[in-house]
Amino acid sequence: MTSSCGHDRLTNWRKREANVYRVFPFGGLALGTLLALVAPAPAGLGAVPTLAIAVAAGCWVAWFVTLHPDWQSRLTLMAVYYAGLLTFAAALVAASPWYGFFAWIGYIHAFPVLPGRWRIAGMVVTAALVATSQGGGLTVLTSHWLLWLVLVFFNLLVAGSVSWFAMVADQEDAKRQRLVTELGETNRQLTETARENAGLHAQLLAQAREAGVLDERQRMAREIHDTLAQGLTGIITQLEAAEQTRDRSADWCRHVDNALALARESLTEARRSVRAVRPEPLETARLPDALVELGGRWSALNGVRAEVATTGTPRPLHPEIEVTLLRAAQEALANVARHADASRVGLTLSYMADRVTLDVRDDGTGFDVTGQPVSREPGGGYGLTAMRQRVTQVGGEVAVESELGSGTAISASVPALPGGAG
């Protein structure tokens, strides 16, 4: 705002300056004529010829400068005007030295109307006319030509200095105008960019909301799979076993009790998943202990020995890291129970400097080369996909090695983020 006001004031000043320069020739011409009539030169042309030349000079300036200001951009036409101006000035100075006031206009009009070095030539001629006027007329050229040269040099020095500073000021003014124009364009671009950024911000917010919805859906899908699906599968397995042992009341009761326990555990885990709370084993125990407890419960339910080992120095990890490893162990054991027909399972939790790895190995039937279980339930499954999604989401990776008839090894490696990381 301040820059714009300053630019407007400077523009108005330039306009007033241009108007004054257009009036100056007539002022100098009028002053020279008045002095020539009041104090005529001894060897002048006389009043009538002098007035005629003065009127012609005034008409010349009025026609080219006052009545047609737009002609200033036409260099050839302005060169003709300036040559005529100096011719009239020379004639008037010869008629009366007082017309030096008019000849002085040659300094002012040299820069606006003449190109390049022609300005210097115009200033030299003007300085010679003004020096002749200051020396008292044409007689100074013959009687005091050395003095006349000094006057010419002095006028050139003064006029050149003034013109130089004026030219520098004009250049600075042009530079300021360019800067103001560039600033205006920059402001326009910034305004346009701000509008675009606002649109992008709204788009990003919409995408963030969509991503949040998708993440929540994926989280719920994983949690449902890890809790309800696995729990229901275990309940069905126990009830089927109970159906087959109706005649053995002890075994029947054991399977029914296992099914009830699985139902209660699944309900609790489902509620925790909805509230996005950590699994119950991790609420009351460290991860190695939770894995030992998980292996014990799984062995009791499936009748398969599960050995759990820990290497390295156990330390608290970020809650999301511990949940990811626990869920990976649950999924791996669930796959073993459903597909592997194994007789032994081993879980190894390894603490390293910057990684924590969970390895689950079994001696079951194994997987084929496409990574699909050999004996899959109809309709497919979500297990390995959910495990990979969980592990990848925390910056980890899952590796699966399997060979038909030689068992399967699943390795989940995640960053060892400390428990205080947020």
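So, here is what we can say about the structure in this document. Keep in mind that this is a model prediction, so the values were computed, not measured.

**Digging into the nonpolar core**
Next, step 1: Counting 36 residues, the largest nonpolar core has Leu 287, Leu 291, Leu 325, Val 345, Val 356 and Met 387 as the members making the most contacts within it.
Next, step 2: At the level of secondary structure, the elements contributing two or more residues to this core comprise helix 11 (287-302), helix 12 (319-340), strand 2 (344-351), strand 3 (355-362), helix 13 (383-393) and strand 5 (408-415).
Next, step 3: Per-element tally for this core: the top contributor is helix 12, with 10 residues.
Next, step 4: When residues no more than four places from it in sequence are discounted, the contact partners of Leu 325 are Leu 287, Leu 349, Val 356, Leu 358, Ala 412 and Val 414.
Next, step 5: Met 78, Leu 85, Leu 92 and Met 123 belong to the second-largest nonpolar core, a separate cluster that totals 34 residues.

**Considering a nonpolar patch on the surface**
Next, step 1: Together, Leu 31, Leu 34, Leu 37, Val 38, Leu 51, Trp 98 and Phe 101 give the surface a local cluster of nonpolar side chains, amounting to about 630 Å² of exposed area.
Next, step 2: Ranked by residue count, the leading element in the nonpolar patch is helix 1 (residues 2-38), at 4 residues.

**Some words on the packing of helix 2 (residues 47-66) against helix 3 (residues 75-95)**
Helix-helix packing is described using two parameters, namely the angle between the two axes and the distance between the axes.
Next, step 1: Helix 3 packs onto helix 2 with a crossing angle of 160° between their chain directions and a minimal axis gap of 10 Å. Classed by the angle they form, the pair helix 2 and helix 3 counts as roughly antiparallel. Crossing hand, helix 2 versus helix 3: left-handed. Side by side, helix 2 and helix 3 meet where Thr 50, Ile 53, Ala 54, Ala 56, Ala 57, Trp 60, Val 61, Phe 64 and Val 65 of the first sit next to Leu 77, Met 78, Val 80, Tyr 81, Gly 84, Leu 85, Phe 88, Ala 91, Leu 92 and Ala 95 of the second.
Next, step 2: Grouping the constituent residues of the contact of helix 2 with helix 3 by class yields 17 nonpolar, 2 polar and no charged.

**Regarding helix 6 (residues 118-134)**
Next, step 1: Here helix 6 spans 24 Å end to end across 17 residues, near enough to the 24 Å set by a 1.5 Å rise per residue.
Next, step 2: Gly 122, Met 123, Thr 126, Ala 127, Ala 128, Leu 129, Val 130, Ala 131, Thr 132 and Ser 133 are the residues of helix 6 that are buried.
Next, step 3: The positive-phi residue at the C-terminal boundary of helix 6 is Gly 136, with phi of around 100°.

Reading guide: rules and limits
Residues numbered from 1 in each chain as written. Predicted model: local features only at pLDDT ≥ 70, side-chain atom pairs only at ≥ 80, totals over all residues. Heavy atoms only, no water. Core = buried A, V, L, I, M, F, W, Y, C linked by side-chain atoms within 4.5 Å. Buried < 20%, exposed > 50% of the residue type's maximum accessible area, 1.4 Å probe, protein only. Helix = DSSP H or I, 4+ residues; strand = E, 2+ residues; numbered from the N terminus. Contact = heavy atoms within 4.5 Å. Patch = residues over 30% accessible without salt bridge, like charges linked within 9 Å, V, L, I, M, F, W, Y side chains within 5 Å. Areas by Shrake-Rupley, 256 points an atom, 1.4 Å probe, with all protein chains shown as cover. Salt bridge = Lys/Arg side-chain N within 4 Å of Asp/Glu carboxyl O. Axes fitted to C-alpha atoms, helices over the stretch in contact; angles between N-to-C directions. Parallel < 35°, antiparallel > 145°, perpendicular 65-115°, else oblique. Left-handed = near helix turned anticlockwise from the far one by under 90°. Nonpolar A, V, L, I, M, F, W, Y, C, P; charged D, E, K, R; others polar. Expected span 1.5 Å × (residues − 1).

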